[in-house]
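Okay, here's what each chain looks like letter by letter:
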Amino acid sequence: SLSLRPTPSLSNASYSQTVELADIEWDNLGFGLQPTDYMYIMKCQQGGTFSKGELKRFGNIELNPSAGVLNYGQGLFEGLKAYRKEDGNILLFRPEENALRLQMGAERMCMPFPTVDQFVQSVKDTVLANKRWIPPTGKGSLYIRPLLMGSGPVLGLAPAPEYTFLIYVSPVGNYFKEGLAPINLIIENELHRATPGGTGGVKTIGNYAAVLKAQSAAKAKGYSDVLYLDCVHKKYLEEVSSCNIFVVKGNNISTPAIKGTILPGITRKSIIDVARNQGFQVEERQVSVDELLDADEVFCTGTAVVVSPVGSVTYHGKRVSYGEGIGAVSQQLYNTLTRLQMGLTEDVMNWTLEL
Ligand code: COI
């Protein structure tokens, strides 16, 4: 456990060069919290700006019981990953995109936000302080979870008087227990994840609490996760609980357009560019359930899920299968993206940041 192992002091300049791997079982990492050494905390008053944060030992935080985030859900999160390259250097994938998305969400949730530079610098500091927790090349990645929350006390409904930006990290492997084997989705007909004018397009914590009920029911029936439909027509695809969705038909790849009810995924955006570069015709538009059921291949994208192939979709009790293993297009896009993220191919898009 954490307390039994000596941790080099942060003032040791050679720390990030000489540090060894944490003593855990690196094979078969899943997606669960492994406590690490440090977390980053930066606070700001309402109406003020974030100025200086600090690294602290990872552990519980104290919150006033009337904190805005606990009472009224004034909170956002982000997710990004750091990979350990074979040469020992560390790569972040498009961290400025997470910073910009957090800013957009903060604006929607009436919260102050860090600058892009503050966000990226604090992510770097947190990753380097926890370097020994970045999995060896090929074993997984370090998942980075920034949080922005109303930490000050409120009783009546109002924006909180104080805000906390916090980053913690955890080594992770595959999100779905299936790994790269196809997952089985069920389309949800009753419950909806988001509504026009709501907060579906930002990464607010409540969006994720809202899908737990349908997700639990689906898992109890043996499905991997739930695919949501638009709440107006109950006909167009939105997203899966924790990832975006893509539908492949011939040389055509379609994915629901960003219209405020789905999360603008950074992996989604990257896969669109990667696929276009490879000659696919990619369309961001309304995608109907009928098209999904008639697809050659279906896959999900997300920071946590990377590119996860879908093996079957169940709709109104009818199951449509897309074949046994991962489809050729999904595999090709997965390979291209992950090789880029791990620094195995030249970063022609200038997407990675080396630490
Ligand atoms: C991510 O992919 O990083 C997410 O934020 C989804 C989360 C439910 C794990």
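Because the structure is predicted, anything quoted here is derived from the model rather than measured.

Quick notes on the rules
- Residues numbered from 1 in each chain as written.
- Predicted model: local features only at pLDDT ≥ 70, side-chain atom pairs only at ≥ 80, totals over all residues.
- Helix = DSSP H or I, 4+ residues; strand = E, 2+ residues; numbered from the N terminus.
- Rg over C-alpha atoms; globule rule 2.2 N^0.38 Å.
- Buried ≥ 20, exposed ≤ 12 C-beta atoms within 10 Å, placed from the backbone.
- Contact = placed C-beta atoms within 7 Å.
- Axes fitted to C-alpha atoms, helices over the stretch in contact; angles between N-to-C directions.
- Parallel < 35°, antiparallel > 145°, perpendicular 65-115°, else oblique.
- Left-handed = near helix turned anticlockwise from the far one by under 90°.
- Nonpolar A, V, L, I, M, F, W, Y, C, P; charged D, E, K, R; others polar.
- Near = placed C-beta within 6 Å.
- Pairing = 2+ DSSP bridges.
- pLDDT = per-residue confidence, 0-100.
- Expected span 1.5 Å × (residues − 1).
- Arc of directions from axis to C-beta.

Engineer: Lay out the overall build of the chain with the relevant residues and their values.
Structural biologist: The helix and strand inventory of the chain stands at 9 helices and 17 strands. Expected size for 355 residues packed as a compact globule is a radius of gyration near 20 Å; at 20 Å, the chain falls within 12% of this value. Expressed along its principal axes, the backbone C-alpha trace of the chain runs to roughly 60 × 55 × 35 Å. The burial tally for the chain puts 44% of its 355 residues in the buried class. Taking all contacts inside the chain whose residues are at least 6 apart in sequence as the whole, residues at least 24 apart take part in 70%.

Engineer: So what's going on with the packing of helix H7 (residues 266-277) against helix H9 (residues 328-341)? Which residues, and what values?
Structural biologist: What describes two packed helices is the angle between their axes and the distance between those same axes. In the contact formed by H7 and H9, the axes pass within 10 Å of each other and the chain directions differ by 110°. Taken together, the axes of H7 and H9 lie roughly perpendicular to each other. The handedness of the crossing between H7 and H9 comes out as right-handed. Residues Ser-270, Ile-271, Val-274 and Ala-275 of H7 lie in contact with H9, whose contacting residues are Leu-333, Thr-336 and Leu-337. Counted by class, the contact of H7 with H9 contains 5 nonpolar, 2 polar and no charged residues.

Engineer: Tell me what's going on with the site of the ligand, and back it up with residues and numbers.
Structural biologist: Around the ligand sit Gly-79, Tyr-208, Ser-242, Gly-302, Thr-303 and Ala-304, and that is every residue in its neighbourhood. Of the residues assigned to the shell around the ligand, the class counts are 2 nonpolar, 4 polar and no charged.

Engineer: Can you break down unusual backbone geometry residue by residue, with the values?
Structural biologist: Phi at Lys-234 takes a positive value of approximately 50°, unusual for a residue other than glycine. The phi dihedral of Val-306 is positive, around 60°, even though this residue is not glycine. Inspection of the secondary structure assignment puts Val-306 in strand S15 (residues 306-315). Of the residues examined, Val-306 has 23 C-beta atoms within 10 Å and is grouped as buried.

Engineer: Which residues make up the pairing of strand S6 (residues 141-150), and what are the values?
Structural biologist: When you tally the buried positions in S6, you get 9 out of 10 residues, the bulk of the element. Where strand S3 (residues 75-77) and S6 come together, 3 bridges link them in antiparallel fashion. Residue Phe-77 lies in a different strand from S6, and its bridge partner there is Leu-147. Bridging between strand S4 (residues 80-84) and S6 involves 3 bridges; their strand directions are antiparallel. Across the sheet, Lys-81 pairs through a bridge with Tyr-143, a residue of S6.

Engineer: Residues and numbers for the confidence of the model for the chain, please.
Structural biologist: Averaged over all residues, the pLDDT of the chain is 94; the fraction at 70 or higher stands at 95%. Ignoring residues within four places in sequence, the model shows residues 1-18, a span with pLDDT below 50, making 9 contacts including any to other chains.

Engineer: Outline the environment of Thr-115, listing residues and values.
Structural biologist: Looking at the secondary structure, you find Thr-115 in the loop between helix H3 (95-108) and helix H4 (116-129). Looking at Thr-115, the number of C-beta atoms within 10 Å reads 12, which means it is exposed. Note: C-alpha distance between Thr-115 and Phe-299 (184 residues apart in sequence) is 33 Å.

Engineer: How would you explain H3 if you had to name every residue and give the values?
Structural biologist: Turn by turn, an α-helix covers 3.6 residues, leaving residues three or four places apart pointing in a common direction. If you check H3, its first and last C-alpha atoms are 20 Å apart, about what 14 residues at 1.5 Å a residue would give, namely 20 Å. Here H3 has its buried residues at Pro-95, Asn-98, Ala-99, Leu-102, Gly-105 and Ala-106. In an axial view of H3, the angular spread of the buried residues amounts to 130°, which keeps them on one side of the axis. Downstream of H3 by one or two residues, Cys-110 has phi in the positive range, about 55°.

Engineer: I'd like a description of the environment of Gly-150, backed by residues and values.
Structural biologist: Relative to the elements of secondary structure, Gly-150 occurs in strand S6. When the C-alpha atoms of Gly-150 and Tyr-40 are compared, they prove to be 16 Å apart, with 110 residues separating the residues in sequence.

Engineer: Mind laying out the pairing of strand S7 (residues 162-172), listing which residues take part and the relevant values?
Structural biologist: Counting buried positions over the 11 residues of S7 gives 8, a clear majority of the element. Note: strand S1 (residues 38-45) against S7, 6 bridges, orientation antiparallel. The residue of S7 that forms the bridge with Ile-41 is Leu-166. As defined by bridge partners, S6 adjoins S7 across 10 bridges and the pair is classed as antiparallel. Within the sheet, the bridge partner assigned to Leu-148 lies in S7 and is Phe-165.

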